[in-house]
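An overview of the molecular structure
Residue-level listing of the chains:
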Amino acid sequence: MNDEYGKRYPLGQKMVSINKKSVSETKLQPIAIQQQTKKSWTIEDSEQLYGIEEWGEPYFSINAAGNITVSPQGASRGISLDLYELVESLKKRNIGLPLLIRFSDILADRMERLYACMNRAIARYNYNGRYQGVFPVKCNQNRHLLEDLVSYGKPYQFGLEAGSKPELMIALAILEPNTDSSETLLICNGYKDREYIETALLATRLGHKPIIVIEQISELHTILQVSKELDIEPIIGVRAKLNSKGMGRWGNSTGERAKFGLTIPQILQVVRELETSQMLDSLQLLHFHIGSQISSIAVIKDAIREASQIYVQLAQMGAKMGYLDVGGGLAVDYDGSKSNFPASKNYNMQNYANDIVAQIKDACGRSKVTVPTLISESGRAIASHQSVLIFDVLGANHVSLTTPQPLETEEHLVLSNFWETYQSIKEGNIQETYNDAIQFKEEAQSLFNLGYLTLIERSRAEELYWACLHKIAQIIRNKADIPDELQDLGKIMASTYYINLSVFQSVPDSWAINQLFPIMPIHHLNEQPTARAILADLTCDSDGKIDRFINRKDSKDILELHPLTDQPYYLGMFLVGAYQEIMGNLHNLFGDTNVVQIQMTPKSYQIKYVVKGDTIKDVLGYVQYKAGDLLEIMRCRTETALEENRITLEESQKLLQNYESSLDSYTYLVAN
Ligand SMILES: Cc1ncc(COP(=O)(O)O)c(C=O)c1O
């Protein structure tokens, strides 16, 4: 690679609107809604504004320099890193933006916390059993992350959960086989064919402990057949379709019509068939999963209550039973509101652990059934915090605000009405003048369409419209009680900040299911963010934007940002370590971003891994183009053009060099 990713912009013409030049151009325009600048903005103001203490604790905070600080081992131990300085130093190592930074120590800390909470609950309720977590591979399959996870999980015998055959392949290779002193579990979920079941069973010969969870009744027959042929006694689990209703986006993971799991009659059929085959001892685990990001503890309690009863009764029917797997669902407080809003949760990890342990102990105690080993499949709660996505802002577009000039004589009636409205705006008539401004704008548009307004008059009408809205916005800015119709004014007046990112590739859940992630600048946090903006990504897709942001109450439709200067401006998106990486897609052929994995050392940090993002050549390969073939086509075309004197030799060489080096460059934009 000749320089960082090659110096050229892959998108050619498109860049004109958003390159650095346009940043300085747009800088000349006034910011959409000017905040009254506070005399001295402090980092406490930024903490308050972005809620970082609520969602970021104990890993993210703001330092005296106004930059975000990362404390990967938690605020009370280990050293902290200045995130802005880290990004700058990574850039000096040719690792450009957008960039996903994974902090291995945060991953370790999350596992330790979950284990500690479960063990505290076990001690508190004198639970005569233990906890053994498994990590659902689907949440983040990346090798470096899973290798870390398995290694950090050793002291807790943390295992893995596979939800498909490819994930089983990963789990078998990454998870270390058990020894006399260790017994990690391999939970085999997902739909299974014969090969899946054979492979899982044969892995017991290597020292693994696979528990094959029946998701469909037909799997039972294959398990019985294959285990007989291989002469390997299986450990079988059943996944129950609970009636307890999940909530929110993943709420339909439960109930009779749920995609996965067995109904109660089907579970009883499994018991009867195992009994007939004299294999009831193989049935040892009950599993349920009521959905991800369960924001209400009441829903979790309901599910555990129901599952505990099923567990107890299966044991009473003679099944060996020994494990209760409560699935995933432990939520992440993305907005820090500690509420049952979908982006939050109204409980903490300890409440979660307490409720599980207490309910199961109670159900088993009442029926004199031995308590099970508890398994949870927490993905989001383990993996989210460790990844931070850093991206730069390439430019901005503001609503065009100019101070309207007084009327000239003989202007069109609609313009004189508009001017009067503009002049008359005051606190007592904002609703009325807002309605008038909208009406006059529509009238001006119709008049223009019918040929009664000139282009210059239409432009004047538009200037007056924005000037009216701006004036009204200034009046309502600090009001708590804003009339309903004016609620959207902030959004209408918001600037658009163009970000060097594909929402589809890096935060697909933001696009697909409107999931909220905390987003904020990683520097300048001791300066007041006076701009109000939404974010637009690099794709040519109107869905490629972020226009909902976390807020203490509900969500907000603008993000407070700093006006752009000619210096780089970096934003961070936090808590993105679960699901986003693998679900990202190649829309417009923006590929994987650069990834670095950082591990803390006693004095500082080390870059454990760098995984360079896709080059253009890589993404073209995914859609069956070979770089060599493309280059050859281009070479032939330039030769023909040369022959026909349509291009000079110099131009043809420049074109070919650009084409070739673009193929080796990053799919994202590289600042000049
Ligand atoms: C069976 C199963 N277990 C565990 C999980 C992980 O859930 P979470 O990330 O909410 O912990 C999922 C994800 O949906 C799942 O389908």
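Treat the numbers as computed from the prediction; the structure is a model and nothing was measured.

**Focus on the overall build of the chain**
Scanning the chain for helices and strands turns up 23 helices and 23 strands. Taking the principal axes of its C-alpha atoms as reference, the chain extends roughly 100 × 75 × 55 Å. Split into buried and exposed, the 672 residues of the chain put 46% on the buried side. A separation threshold of at least 6 residues defines the contact pool for the chain, and within that pool the share at least 24 residues apart is 77%.

**Comments concerning the sheet that holds strand β11 (residues 323–325)**
The sheet built from eight strands is open, its strands ordered β5-β6-β7-β8-β9-β10-β11-β12 with parallel pairing. At either end of the open sheet lies a strand with only one pairing partner, and these are β5 (134–136) and β12 (373–375). With strand direction ignored, the average angle separating the axes of adjacent strands in the sheet is 25°. Direction of pairing for strand β10 (residues 283–287) relative to β11: parallel, over a ladder of three bridges. Paired with His287 across the strands is Asp325, a residue of β11.

**Some details on unusual backbone geometry**
Omega for the peptide link from Glu57 to Pro58 comes to 0°, which places this bond in the cis form. You can see Pro58 is positioned in the loop between α3 (52–56) and β1 (60–62). Along the chain, Leu97 connects to Pro98 via a cis peptide bond; the corresponding omega equals -5°. Position of Pro98 relative to the elements: it lies in the loop between α4 (83–92) and β4 (99–103). The residue Gln293 is not glycine, and still its phi comes out positive at about 50°. Phi is positive for Lys368, which is not a glycine, with a value near 55°. Residue position: Lys368 is located in the loop between α12 (349–367) and β12.

**As for the pairing of strand β23 (residues 605–611)**
Note that strand β22 (residues 594–600) and β23 share six bridges and pair antiparallel. Its bridge partner being in β23, Met600 is matched across the sheet by Tyr605. Counted along the chain from β22 to the antiparallel partner β23, the turn is four residues long.

**Some points on the site of the ligand**
Near the ligand lie 17 residues; those nearest to it are Ser292, Gly328, Glu377, Gly379 and Arg380. Residues belonging to the shell around the ligand are distributed by class as follows: five nonpolar, nine polar and three charged.

**Thoughts on the environment of Leu501**
Of note, Leu501 is situated in the loop between β14 (495–499) and α18 (503–506). Considered as a pair, Leu501 and Asp537 are 36 residues apart in the sequence and their alpha carbons are 5.4 Å apart. When residues no more than four places from it in sequence are discounted, the contact partners of Leu501 are Pro98, Phe391, Ser506, Asp537 and Leu538.

**What to know about the nonpolar core**
Ranked by size, the top nonpolar core spans 184 residues in total, and within it Ile390 and Ile499 carry the most contacts. No other element matches the 10 residues that helix α16 (residues 455–476) contributes to this core. Not counting residues up to four positions away in its chain, the partners in contact with Ile499 are Phe391, Val393, Leu394, Leu535, Ala536, Asp537 and Leu571.

**Some thoughts on the packing of helix α15 (residues 430–449) against α16**
Packing of α15 against α16 leaves a shortest axis separation of 10 Å and a crossing angle of 165°. Between α15 and α16, the angle falls in the class roughly antiparallel. Crossing geometry of α15 relative to α16 is assigned as left-handed. Contacts between α15 and α16 pair Ile430, Thr433, Tyr434, Ala437, Phe440, Lys441, Ala444 and Phe448 from the former with Arg458, Ala461, Tyr465, Cys468, Leu469, Ile472, Ile475 and Ile476 from the latter.

**Some points on the packing of helix α14 (residues 413–424) against α15**
At a closest axis distance of 10 Å, the pairing of α14 and α15 adopts a crossing angle of 160°. The pairing of α14 with α15 is recorded here as roughly antiparallel in orientation. Where α14 crosses over α15, the two elements pack in a sense that is left-handed. Residues Val414, Asn417, Phe418, Thr421 and Ser424 of α14 touch α15, and the partners they reach there are Thr433, Asp436, Ala437, Phe440, Glu443, Ala444 and Leu447. The class makeup of the residues in the contact of α14 with α15 is six nonpolar, four polar and two charged.

**Side note on helix α10 (residues 264–276)**
Relative to the 18 Å expected for 13 residues at 1.5 Å per residue, α10 spans 18 Å between its end C-alpha atoms, a close match to the ideal helical length. Buried within α10 are the following residues: Ile267, Val270 and Leu274. Looking down the long axis of α10, one finds its buried residues gathered within 50° of arc, a one-sided arrangement. Every exposed residue of α10 that faces more than 90 degrees away from the buried side is listed here: Pro265, Arg272 and Thr276. At the exit of α10 stands Gln278, carrying a positive phi of roughly 55°.

**Points about the sheet that holds strand β2 (residues 68–70)**
Spatial ordering of the open sheet is given by β1-β2-β3, a layout of three strands whose pairing is antiparallel. Here the strands that pair on one side only, and so sit at the sheet edges, are β1 and β3 (81–82). The sheet contact formed by β2 and β3 spans two bridges and is antiparallel. The residue of β3 that forms the bridge with Val70 is Leu81.

**Concerning α15**
For α15, spanning 20 residues, the distance from its first C-alpha to its last is 29 Å, which sits close to the expected 28 Å at 1.5 Å a residue. In this structure, the buried side of α15 is in contact with α14 and α16. Just beyond α15, the residue with positive phi is Gly451, at close to 90°.

**Considering the confidence of the model for the chain**
Confidence in the prediction of the chain, expressed as mean pLDDT, is 91, and 92% of residues score 70 or more. Contacts from residues 1–35, a stretch scored under 50 in pLDDT, to residues over four places away or in other chains number 69 contacts.

**Details of the pairing of strand β6 (residues 159–162)**
By the alternation rule, side chains of β6 split into Gly159 and Glu161 and Leu160 and Ala162, which are all buried. Two strands pair when backbone bridges link them, and β5 and β6 are joined in this way by three bridges, in the parallel orientation. Residue pairing in the sheet places Pro136 in a bridge with Glu161 of β6. At this point the chain moves from β5, through helix α6 (residues 143–153), to the parallel β6, and the crossover so formed is right-handed. Direction of pairing for β6 relative to strand β7 (residues 186–188): parallel, over a ladder of three bridges. Bridged to Glu161 within β7 is Ile187. Note on the crossover from β6 through helix α7 (residues 165–174) to β7: the handedness is right-handed.

Parameters and conventions
Residues numbered from 1 in each chain as written. Predicted model: local features only at pLDDT ≥ 70, side-chain atom pairs only at ≥ 80, totals over all residues. Helix = DSSP H or I, 4+ residues; strand = E, 2+ residues; numbered from the N terminus. Buried ≥ 20, exposed ≤ 12 C-beta atoms within 10 Å, placed from the backbone. Contact = placed C-beta atoms within 7 Å. Pairing = 2+ DSSP bridges. Axes fitted to C-alpha atoms, helices over the stretch in contact; angles between N-to-C directions. Near = placed C-beta within 6 Å. Nonpolar A, V, L, I, M, F, W, Y, C, P; charged D, E, K, R; others polar. Core = buried A, V, L, I, M, F, W, Y, C linked by C-beta atoms within 7 Å. Parallel < 35°, antiparallel > 145°, perpendicular 65-115°, else oblique. Left-handed = near helix turned anticlockwise from the far one by under 90°. Expected span 1.5 Å × (residues − 1). Arc of directions from axis to C-beta. pLDDT = per-residue confidence, 0-100. Right-handed = clockwise from strand over helix to strand, strands pointing away.

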